[in-house]
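Chain residues, written in single-letter form:
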2 protein chains.
Amino acid sequence: MKFVIQRDRLVQSVQDVMKAVTSRTTIPILTGIKIIANDEGVTLTGSDSDISIESFIPKDEGEHEIVSVIQPGGIVLQAKFFSEIVKKLPMDTVEIEVHNHLQTVIRSGKAEFNLNGLDPEEYPHLPQIEEGNAIKISTDLLKTMVRQTVFAVSTSETRPILTGVNWQVANGELNCIATDSHRLAMRKAPVEIQNEASYNVVIPGKSLNELNKILDDTTEPVEIVITENQVLFKAKHLLFFSRLLEGNYPDTSRLIPSDSKTELVMSTKEFLQSIDRASLLAREGRNNVVKLSTLDGGIVEISSNSPEIGKVIEEVQSQSIDGEELKISFSAKYMMDALKALEGTEIHINFTGAMRPFVIKPLHDDSILQLILPVRTY
Amino acid sequence: MKFVIQRDRLVQSVQDVMKAVTSRTTIPILTGIKIIANDEGVTLTGSDSDISIESFIPKDEGEHEIVSVIQPGGIVLQAKFFSEIVKKLPMDTVEIEVHNHLQTVIRSGKAEFNLNGLDPEEYPHLPQIEEGNAIKISTDLLKTMVRQTVFAVSTSETRPILTGVNWQVANGELNCIATDSHRLAMRKAPVEIQNEASYNVVIPGKSLNELNKILDDTTEPVEIVITENQVLFKAKHLLFFSRLLEGNYPDTSRLIPSDSKTELVMSTKEFLQSIDRASLLAREGRNNVVKLSTLDGGIVEISSNSPEIGKVIEEVQSQSIDGEELKISFSAKYMMDALKALEGTEIHINFTGAMRPFVIKPLHDDSILQLILPVRTY
């Protein structure tokens, strides 16, 4: 194998596939990046066997030559060193050449690295996914939907299925749901689906977090192909594979209360900042709990108490309070996570009593919903 | 005590004195910030008993009122909470009031914090330093001199005196020297001294690092007062006290070779980048060692070898090589530290053999010097 490549394009592709590479793997060759050069260009692959990322660098783009392949072939190079080396090479172009015995020479200007490579034939094959029913969605909408739900997945392995986000596709709509059984985040949006296919799968939260880091903020479409145990995201020159979680995701629809006893409308920012302040002292306590009480005149009181350190009390002027008087306690962290995920300057909170889950939504927008279970303190 | 203060000024002062506060102290009250309000303004103090920082916020500045003291007095508040709270308060002004039993109310808009305070009488007194022979130096020169030497102090407590920087003041000149016995950094500059006083003290590296974080980059003068066991840095509205290290600093002057067998002149940046690349592989080895060899035609070869991973070899074109041929090995980290500390685009390296310390200086500048001991590999 021998090719000459634009360094900045190589650096970018290496950074992308590195997102899948971990040093904590039981399969030694997965600490490497697979490099394959052929007539079309150069393909890099990184994988931790849960996530696999493939980045393609085409031979040329318009009239600009990006790669010049002198001899096709392949090699696997230690990801940790290869990524550091390409970043620090002195010139705009890099030459990579494999000699006998997998010895690989990386040359740029007067700098010459010799790395011991591994046999690309021994690198695990990527999942074979048939080009079938693809779901189409714009990249920035996909990223927003991931961001608005993935934070609510469980970080505990007691119920592994809850570490993923439930994706339900039906009737031209994608519905993303995450819950750790103390709070729930839901976001839906219309998508383009071929053949009216429907799916109900669970994608690991970790995979979606990595996907969001790697995708650019563009309106370009991403194609999503779902199979029995894999999901593939196809962006320009980029393939992102993730395994799916096995098992049945709980039916969350019945968790969401439809009635309401107390309704608040507030400014998202003001409310968030006041919860943030109250949590400064609450954080020291066991569970980071703040209290919310409705007062007369549309005033909402936020308070928290940490006997050793002190207490904080704050009044927030709401736009409206309707229904029963309420005193309720909840996790400041869950509330801040939920408020940060919501788009919109005003929110609507529906309570059905101090002991029942409550629902937060942007005003006049039903595509997103955050649900939080209160904490018993009164 | 009761006063109303501009929040941004309070935040800045709290951030400054926080640099001295640590949660790992054996004196519980030192986890707090002391606040004293009097007719002149408000004074904040933080200390870990090695370093103490006092920041003064004057009543007014020109025609702008900054503090309005309603009742003089004092309190000590938990630094961790107080600093977080003032940062997140909603309004531009803050009211701080001490009630009975040291209960302190912090009020801003509709937010009200109640903190349990501590008695300011129990806060340790700052060192008493007589206004005597002050050394005057511009802030940015002081910061540069610290930056160019402090990185070379020892991080090991086997010889505690080497964890400090040796400051020698004599004949209108300040000379700063740091060494960890493997490398040495030296920087001197003229300073303004009253009464032709002379000093030879050792300031903890940690204190100088904190000092550099707290001082603004200005040409305003800093006054330095040195006593038997303390040093005081006085900037505008800021006092920074540090204890001195006890013991005799080794005589480093005889370590610096005056002769030279091989002389190199090179571009600082090119040399630094090539050492950086060579160290990518060297870092994996035991000691991060790179080799330098002089070749014909003014070429310097930098190389390193890590049998498991691979090797790197690079040629750097020097401006000149004079004297004997040379092969020498040294720590890439020490060399990069030294090169980053030097100002100037070209450096001069004087070798006196593969086993002897060598000296790096900017071309045509004798105010700064970096010395490195080689590593035996040949």
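Not measured: the values here are computed from a predicted model.

## Observations concerning the UniProt feature "domain: DNA polymerase III beta sliding clamp N-terminal" (unreviewed entry) in chain A
UniProt records the feature "domain: DNA polymerase III beta sliding clamp N-terminal" (unreviewed entry) for residues 1-127 of chain A in the present numbering. Secondary structure across residues 1-127 of chain A comprises 17% helix and 46% strand; the distance between its end C-alpha atoms is 25 Å.

## A closer look at the interface of chain A and chain B
In this complex, chain A contributes 29 residues to the contact, which on the side of chain B involves 29 residues. Here chain A and chain B share an interface that buries about 2700 Å² over both sides, 58% of which is from carbon and sulfur atoms. Applying the counting criterion to the chain A and chain B interface returns 2 salt bridges. Note that aspartate 276 of chain A is salt-bridged to lysine 88 of chain B, the shortest N-O span being 2.9 Å. One can count 16 residue pairs in polar contact (both at pLDDT 80 or more) joining chain A with chain B. Listed by contribution, the elements that provide at least two residues to the side of chain A that touches chain B are helix 2 (79-88), strand 11 (111-116), helix 5 (268-282) and strand 24 (310-317) of chain A. Classifying every residue of the side of chain A that touches chain B by side-chain character gives 13 nonpolar, 3 polar and 13 charged.

## With respect to the sheet that holds strand 3 (residues 41-47) of chain B
Residue and element names in this part refer to chain B. Spatially, the 9 strands line up as an open sheet ordered 8-2-3-4-20-19-18-12-16, and their pairing is antiparallel. Each end of this open sheet is capped by a strand with a single partner; those strands are strand 8 (73-78) and strand 16 (192-193). Note: strand 4 (residues 51-58) against strand 20 (residues 238-243), 5 bridges, orientation antiparallel. Residue pairing for strand 20: glutamate 54 is matched across the bridge by leucine 239.

## As for unusual backbone geometry
Residues and elements named next belong to chain B. Of note, the phi angle at histidine 101 is positive, near 55°, even though the residue is not glycine. By the element assignment, histidine 101 lies in the loop between strand 9 (93-98) and strand 10 (103-108). Positive phi, normally seen in glycine, also occurs at asparagine 171, with a value near 50°. Note on placement: asparagine 171 falls in the loop between strand 13 (164-170) and strand 14 (173-179). Residue class for asparagine 171 comes out exposed when judged on its relative accessible area of 82%.

Calculation criteria
Residues numbered from 1 in each chain as written. Chains lettered and ligands numbered in written order. Predicted model: local features only at pLDDT ≥ 70, side-chain atom pairs only at ≥ 80, totals over all residues. Heavy atoms only, no water. UniProt positions renumbered as here; feature names shortened; annotations may be inferred. Helix = DSSP H or I, 4+ residues; strand = E, 2+ residues; numbered from the N terminus. Contact = heavy atoms within 4.5 Å. Buried area = accessible area lost by both parts, 1.4 Å probe. Salt bridge = Lys/Arg side-chain N within 4 Å of Asp/Glu carboxyl O. Polar contact = N/O pair within 3.5 Å; in protein donor to acceptor, adjacent residues only side chain to side chain. Nonpolar A, V, L, I, M, F, W, Y, C, P; charged D, E, K, R; others polar. Pairing = 2+ DSSP bridges. Buried < 20%, exposed > 50% of the residue type's maximum accessible area, 1.4 Å probe, protein only.

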